[in-house]
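# Overview (structure and organization)
What follows is each chain in one-letter form.
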Number of protein chains: 2
Amino acid sequence: MLSESELDRVCVVLVRARNPSNIGAVARAMHDFGFRRLRVVNEFAMPFTAAKSAVDASAVMAGAVTCASVADAVADCTLVVGTTAVGERDLQHELLVLAEGAARMRAELREPTHDDEAVMDRAPEVGGTVAVLFGSEKTGLSNEELSHCNWLLTVPMHEYEGVRHPSMNLGQAVAVCLYELVRDPTHDDKAVVKGAPGDVAEPVAAAQLERITALMNEVMEATEYTRRHAHNCDPAHVRRLVRRIGVDAVDAPVWMGFLKQVLWKLEGRRE
Amino acid sequence: MLSESELDRVCVVLVRARNPSNIGAVARAMHDFGFRRLRVVNEFAMPFTAAKSAVDASAVMAGAVTCASVADAVADCTLVVGTTAVGERDLQHELLVLAEGAARMRAELREPTHDDEAVMDRAPEVGGTVAVLFGSEKTGLSNEELSHCNWLLTVPMHEYEGVRHPSMNLGQAVAVCLYELVRDPTHDDKAVVKGAPGDVAEPVAAAQLERITALMNEVMEATEYTRRHAHNCDPAHVRRLVRRIGVDAVDAPVWMGFLKQVLWKLEGRRE
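Everything numeric here is computed off the predicted structure, so don't read it as measured data. (Residues numbered from 1 in each chain as written. Chains lettered and ligands numbered in written order. Predicted model: local features only at pLDDT ≥ 70, side-chain atom pairs only at ≥ 80, totals over all residues. Heavy atoms only, no water.)

## Comments concerning the pattern of salt bridges
- All told, the structure shown has 20 salt bridges over all chains when counted by the stated rule.
- Of the charged contacts, one joins Asp8 of chain A and Arg36 of chain A as a salt bridge, the two residues approaching to 2.9 Å between their closest N and O atoms. Note that Asp8 of chain A is positioned in helix 1 (residues 4-8) and Arg36 of chain A in the loop between helix 2 (20-33) and strand 2 (37-41), a separation of 28 residues in sequence.
- A residue is classified by how much of its surface remains accessible, and Asp8 of chain A, at 32% relative accessible area, is partly exposed.
- Residue classification places Arg36 of chain A among the partly exposed residues on the basis of a relative accessible area of 26%.
- Taking the shortest distance from any N to any O, the salt bridge between Glu180 of chain B and Arg183 of chain A comes out at 2.7 Å. (Salt bridge = Lys/Arg side-chain N within 4 Å of Asp/Glu carboxyl O. Helix = DSSP H or I, 4+ residues; strand = E, 2+ residues; numbered from the N terminus. Buried < 20%, exposed > 50% of the residue type's maximum accessible area, 1.4 Å probe, protein only.)

## Let's talk about the interface of chain A and chain B
- Each partner contributes residues to the interface: chain A has 70 residues there, and chain B has 69 residues.
- For the pairing of chain A and chain B, the buried interface totals around 6,500 Å² over both sides, and the portion due to carbon and sulfur atoms is 59%.
- Across the contact surface, chain A and chain B share four salt bridges.
- Where chain A touches chain B, the interface holds 20 residue pairs in polar contact (both at pLDDT 80 or more). (Contact = heavy atoms within 4.5 Å. Buried area = accessible area lost by both parts, 1.4 Å probe. Polar contact = N/O pair within 3.5 Å; in protein donor to acceptor, adjacent residues only side chain to side chain.)

## Comments concerning the sheet that holds strand 6 (residues 130-134) of chain B
Residues and elements named next belong to chain B.
- In space, the seven strands of this open sheet follow the order 3-2-1-6-4-7-5, with parallel pairing throughout. The two strands at the open ends of the sheet, each matched to only one other strand, are strand 3 (65-67) and strand 5 (95-97). With direction set aside, neighbouring strand axes in the sheet form an average angle of 30°.
- In this sheet, strand 6 lies alongside strand 4 (residues 79-83) in parallel orientation, the contact comprising four bridges. Looking at strand 6, one finds that Val81 is bridged to Val132.
- Sheet contacts for helix 5 (residues 98-109): strand 1 (10-15), strand 4, strand 5, strand 6 and strand 7 (151-154); angle to strand 5, the most-contacted strand, approximately 100°.
- Across the face of the sheet, helix 7 (residues 170-182) comes into contact with strand 1, strand 6 and strand 7 while running at roughly 155° to strand 6. (Pairing = 2+ DSSP bridges. Axes fitted to C-alpha atoms, helices over the stretch in contact; angles between N-to-C directions.)

## Examining the pairing of strand 6 of chain B
- A large share of strand 6 of chain B lies buried, amounting to five of its five residues.
- Burial of the side chains of strand 6 of chain B extends over both faces: Val130, Val132 and Phe134 of chain B are buried on one face and Ala131 and Leu133 of chain B on the other.

## Quick look at the packing of helix 8 (residues 206-222) of chain A against helix 10 (residues 235-244) of chain A
Residue and element names in this part refer to chain A.
- Relative to each other, helix 8 and helix 10 sit at 125°, their axes nearing to 9 Å. As the angle between them shows, helix 8 and helix 10 are arranged oblique. Between helix 8 and helix 10 lies a crossing whose hand is right-handed. The residues of helix 10 that touch helix 8, namely those facing Ala206, Leu209, Glu210, Ile212, Thr213, Met216, Asn217 and Met220, are Val238, Arg239, Leu241, Val242 and Arg243. (Parallel < 35°, antiparallel > 145°, perpendicular 65-115°, else oblique. Left-handed = near helix turned anticlockwise from the far one by under 90°.)

## Here we look at the environment of Val26 of chain A
Residues and elements named next belong to chain A.
- Mapping Val26 onto the fold places it in helix 2.
- On the basis of relative accessibility, which here comes to 0%, the residue Val26 falls in the buried class.
- Those residues in contact with Val26, other than ones at most four positions away along the chain, are Val12, Leu14, Leu38, Leu170, Gly171 and Val174.

## Details of the nonpolar core
- Of all hydrophobic cores here, the largest spans 90 residues; its most connected members are Phe35 and Leu38 of chain A together with Phe35 and Leu38 of chain B.
- Aside from chain neighbours lying at most four places away, what touches Phe35 of chain A is Leu2, Leu7, Val10, Met30, Val60, Leu178, Leu181 and Val182 of chain A.
- Core analysis: the next-biggest nonpolar cluster, separate from the first, contains 47 residues, Leu209 and Ala252 of chain A together with Phe258 and Leu266 of chain B among them. (Core = buried A, V, L, I, M, F, W, Y, C linked by side-chain atoms within 4.5 Å.)

## What about the packing of helix 7 (residues 170-182) of chain A against helix 7 of chain B?
- Running from amino to carboxyl end, helix 7 of chain A crosses helix 7 of chain B at an angle of 50°, the nearest separation of the two axes being 9 Å. Between helix 7 of chain A and helix 7 of chain B, the angle falls in the class oblique. For the crossing formed where helix 7 of chain A meets helix 7 of chain B, the hand is right-handed. Residues Gly171, Gln172, Ala175, Val176, Tyr179 and Glu180 of chain A of helix 7 of chain A form the contact with helix 7 of chain B, whose participating residues are Gly171, Gln172, Ala175, Val176, Tyr179 and Glu180 of chain B.
- Taken together, the residues of the contact of helix 7 of chain A with helix 7 of chain B sort by class into six nonpolar, four polar and two charged. (Nonpolar A, V, L, I, M, F, W, Y, C, P; charged D, E, K, R; others polar.)

Given below as structure tokens:
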């Protein structure tokens with residue numbers, strides 16, 4: 001079970017959802033399990049009023065926010081999780097099955113307590129904010145969209161003649177994921193994840209990781225690293241590199257200061 | 001996980017489902033999780049062909065059976081489970097939350113093995129056959145329909161001001177129940193489907209981390225970061241910074257190449 005505060009720190013992000021009734025179905029699933037924050041990333045204005053399946057979920061729909069980009073939608077989040085049906089795509093991310101991924105998300109949401117030795121000497125603080133991204137009904141999340149994610153999760157589905165069934169209905173996928181997130185894990189006591197980054201340290205928001213990524217790109221450009229190692233410099237590649245290092249709120253300013261200093265020095269030499 | 005034989009011994013029974021597209025959504029959820037036996041109890045003939053949401057679930061739809069009564073639909077089942085949203089109704093049955101109920105259903109489906117002491121002296125036999133009943137979208141299962149059940153299960157949902165949210169979308173409810181039924185409760189090592197590239201690759205040796213640390217120190221020195229942020233440049237501090245980012249064997253050469261490139265550029269400027 002999640003506390004009210006934890007429920008409030010989960011954002012369901014729908015990227016390029018095509019069908020208003022699917023958005024309504026997602027809102028209903030959120031309402032069923034107590035989640036409130038719905039964000040929709042779309043190039044065109046969503047006809048929210050047409051989302052008629054949102055029975056009893058009008059509060060979720062009324063609070064839904066339209067975002068111009070995935071980066072905007074996850075800017076305040078400390079953990080960004082992508083969902084995928086795992087097709088033939090060659091994934092660059094760590095991939096967890098839903099049960100394991102949900103345990104990690106709960107760890108991120110958890111508010112540090114007085115029993116947490118690691119935070120004894122720090123001021124009490126709230127837990128992290130988690131975004132869960134769902135792609136369009138047809139194509140899922142693109143590689144660029146996935147590059148904003150810390151890791152991916154998948155709902156285990158049946159394999160037919162060794163081939164995994166391609167994907168779930170959007171509303172059903174959201175319902176299953178949110179069910180697992182609030183599912184009482186006491187039935188399987190291994191649900192606690194040990195040693196996940198950000199478990200004890202204060203997590204860092206995606207917006208700050210995006211600034212570090214931008215600085216990395218600048219330094220790579222300024223040092224001609226981009227020219228010599230072009231295969232490492234695809235923007236999505238650099239974003240994943242920065243996500244993987246799992247910087248926390250303490251280290252983030254150090255990394256930013258370090259990269260800025262490199263740029264400053266290179267600039268200075270140019271003059 | 002359920003075996004193919006176990007999957008074949010689960011019947012999803014829809015009682016008085018009103019909306020053909022909901023039946024299609026249920027068929028799709030069944031197909032996603034590997035279930036095949038759909039039975040529909042309706043007073044009037046169901047327009048199965050209109051069930052358009054049944055993407056990829058045509059086999060389930062083609063095999064769907066229309067039954068005249070609940071008694072007919074569950075006649076060959078050894079365990080009959082009703083689903084309920086638990087309203088004000090005074091339930092006469094034992095009520096389990098989904099996770100517990102699913103465990104009981106798995107026990108019923110399980111095929112006895114030679115190791116099962118209880119069946120040592122009996123002829124080998126297959127496991128039981130389980131029916132899971134879902135009522136109409138509006139009213140759920142009637143008391144008469146519930147009376148066919150051995151016990152009931154409910155999907156735990158959020159309570160708003162102490163009042164439980166009335167009910168889920170039919171397709172979502174079926175998806176969540178079937179997900180829980182096939183959910184692997186052991187959390188074994190299959191939980192990580194695919195590690196991050198570095199997880200599969202050799203973990204990086206301390207010596208390589210030490211080389212990255214040395215390069216960081218060099219860059220900090222060369223960029224005058226050391227002079228401006230002396231408090232961040234204690235050697236042990238830098239070492240911890242590098243250790244904390246958890247570079248793996250795949251990313252390590254990228255970080256080294258990047259830092260070397262920064263040094264190369266700074267050197268070049270000096271000449």
